[in-house]
Amino acid sequence: MSCGRRGLWIVVTLITILLALPIAAIDLDGSFSSQLYWYEDAQFVHIRPYESLRLNWHAWQDQERELSFHTSARYTTDLNDRFATDPQLFIRSAYLKFRCRPNRFQINLGRQFVYSSAGSALIDGVRLKFNKYRPLELNLFAGTSVSRLDPEKVRSFSDYLVIGGRAAYKLGRSFRPGINWMIEKKEGSLSYHRLSLDSRYNYQRWQMYGRLGYSPLNQSLSELLARLSWSRTKWYLSAEWLQRDPSVSDNSIFSLIQFDQYQLIRIQARRTLTPGLAVFAHQQYSIYSDDNSYEISAGLQKNDLSIGLRHQSGYAGDYNSLFGSARVSGSSEWAAYSSFNLGRYQVQEYQENTIDSYSANLGLERKYPSGLTLSAEIQFLRNGLKSDDWRTFLQLTKNFQMKD
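Owing to the predicted nature of the structure, the values given are computational and were not obtained by experimental measurement.

Each value, and the rule that gives it
- The numbers attached to residues start from 1 for each chain and follow its sequence in the written order.
- The predicted nature of this model means local features are confined to residues of pLDDT at least 70 and side-chain atom pairs, given and counted, to a pLDDT of 80 or more, with totals for whole chains, interfaces and linings taken over all residues.
- Remark: hydrogens and water are excluded; side-chain values derive from all non-hydrogen atoms of the structure.
- Secondary structure elements follow DSSP: runs of H or I of four or more residues count as helices, runs of E of two or more count as strands, with numbering from the N terminus.
- Each residue's exposure class comes from its accessible area (1.4 Å probe, protein chains only) as a fraction of the maximum for that residue type: buried when under 20%, exposed when over 50%, partly exposed otherwise.
- By the convention used here, residues are in contact when the closest approach between their heavy atoms is within 4.5 Å.
- All accessibility values rest on the Shrake-Rupley procedure with a 1.4 Å probe; residue burial counts only the protein chains present in the view.
- Charge assignment in this entry is limited to Lys and Arg as positive and Asp and Glu as negative, and neither His nor the chain termini are counted.
- For the purpose of locating charges, the reference atoms are NZ of Lys, CZ of Arg, CG of Asp and CD of Glu.
- Pairs of strands are assigned from DSSP output, requiring at least two bridges between the strands.
- Every patch collects residues that have over 30% relative accessible area and no salt bridge, joining them within 9 Å if they carry like charges and within 5 Å if they are nonpolar side chains (Val, Leu, Ile, Met, Phe, Trp, Tyr).
- The term salt bridge refers to a pairing of a side-chain nitrogen on Lys or Arg with a carboxyl oxygen on Asp or Glu at a separation within 4 Å.
- The aromatic pairing rule takes the rings of Phe, Tyr and Trp, using the six-membered ring of Trp, and pairs them if the centres are within 6.5 Å, calling planes under 30 degrees apart stacked, those over 60 edge-to-face and the rest tilted.

Q: Residue-level account of the overall build of the chain, with values.
A: Check the secondary structure of the chain and you find two helices and 22 strands. Each principal axis of the C-alpha atoms in the chain carries an extent, and together these give about 70 × 50 × 50 Å. In the chain, which comprises 404 residues, the proportion classed as buried is 35%. Sequence separation of 24 or more characterises 40% of the internal contacts of the chain that already satisfy a separation of 6 or more. Summed over its atoms, the accessible surface of the chain is roughly 24,200 Å², and 57% of this surface lies on carbon and sulfur atoms. For the chain, the centre of its 48 positive side-chain charges and the centre of its 38 negative side-chain charges are spaced 10 Å apart.

See below:
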């Protein structure tokens, strides 16, 4: 079967391998979800079902080894007016996992999300974790990137290779430095190459993290990050400074344009006033070469209730809003929930008036002892493009577990 064929064979092949093994018992868990989203745009009424499956199959294990299969998939289309990508089967993950506990060895084979501080990707490939010679830990991965526009397609190594990993060394109980790297191809040429050093250190109530990224293609530092946080019984404070390149592929035509790094400064604070009641605040300052952007939000949270104010100004436009959310449980089976964001914004300076920006939802949820959950939700949107947009969202989820 060619790589261009629709690729349900990922799941089928891996399940076939498991079925060929001598399995003594059934050990399955996961969930199945059926959703229906009903809304109208400028021209059409869209009725979109979403069918989602999450499955964990623990096929075989003993005291030293374990073999399992994990998958998450979603199917969607439009029953009334299809998009160019409909129908679409998106396999988010589908991989075999083998662990050998005495050797502290793990290998994942199939579609999976991989990450290091040098970068991340959804790949069809292999991931290897090795921690036998502690305190050294290795995490390596290789495969091909998954297309967002055509996720059913398994692409070729020569055109869409992804390779990378991480090597970390633990010094004492609290200090863990690491070196990370990642290479990615796009349409046969190198589109991304990063090296990074990172380190995490904890001391009493303090948590510190730093990262330095380097681009071999540009022969320059691509990222600098420093984060510091402090916590105690009623307080949590954190501060972060980031300087990095814009997210542009190295083989893109936009990479030829001269650019400057941008900076972000974030500050967060949370204070518990009484059991269940807390006040929170968040501030972010973005610094660009020719303009800046400022955002601040603050509010109160009481268990499952929250309310706050948000202000934004500068390069990203002016925006002020009141936001909140609530969840009320009448019993262990019934719950009602809601959220809202009521604001006004101005994108450009020469706008005479600000524009409404409203969003709200109201939902009802029912849980059954069998593991079945049913929810229904009404949504409302209003902004410069939509003056009166009502939407309906229905969801039925069934959790299951089979063990013999």
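Q: How would you sum up the pairing of strand E22 (residues 389-403)? Please name residues and give values.
A: Consecutive residues of a regular strand have side chains that alternate between opposite faces of the sheet. Across twelve bridges, the pairing between strand E1 (residues 27-40) and E22 is antiparallel. Following the sheet pairing, Ser31 is matched in E22 by Asn399. For strand E21 (residues 372-382) and E22, the ladder comprises ten bridges, and the chain directions are antiparallel. By the bridge assignment, Ser375 is partnered in E22 with Gln395. Linking two consecutive strands that pair antiparallel, namely E21 and E22, is a turn of six residues.

Q: Residues and numbers for the environment of Pro49, please.
A: Within the secondary structure layout, Pro49 lies in strand E2 (residues 45-61). As for Pro49 and Ser306, which are separated by 257 residues in sequence, their C-alpha atoms are 31 Å apart. Those residues within four positions of Pro49 in sequence are excluded, and the remaining contacts are Gln35, Leu36, Tyr75, Thr76, Thr77 and Leu79.

Q: Which residues make up a positive patch on the surface, and what are the values?
A: On the surface, a cluster of positive charge is made up of Arg104, Arg134, Lys170, Arg173, Arg176 and Arg200. When you line up the elements, Lys170 lands in the loop between strand E8 (161-169) and strand E9 (175-186).

Q: Give me the packing of aromatic side chains: which residues, what numbers.
A: The tally for this structure, following the rule as stated, stands at ten aromatic pairs. Pairing Tyr285 with Tyr294 gives two aromatic rings, centres 6.3 Å apart and planes at 65 degrees, and the pair type is edge-to-face. Overall, Tyr285 belongs to the partly exposed group, its relative accessible area being 31%. Residue classification places Tyr294 among the partly exposed positions, given a relative accessible area of 26%. Consider the rings of Tyr288 and Tyr315, whose centres lie 5.0 Å apart with planes at 45 degrees: the pair is tilted. Highlighted residues: Tyr288 in the loop between strand E15 (277-287) and strand E16 (292-302) and Tyr315 in the loop between strand E17 (305-314) and strand E18 (318-329), separated in sequence by 27 residues. Residue classification places Tyr288 among the partly exposed residues on the basis of a relative accessible area of 31%.

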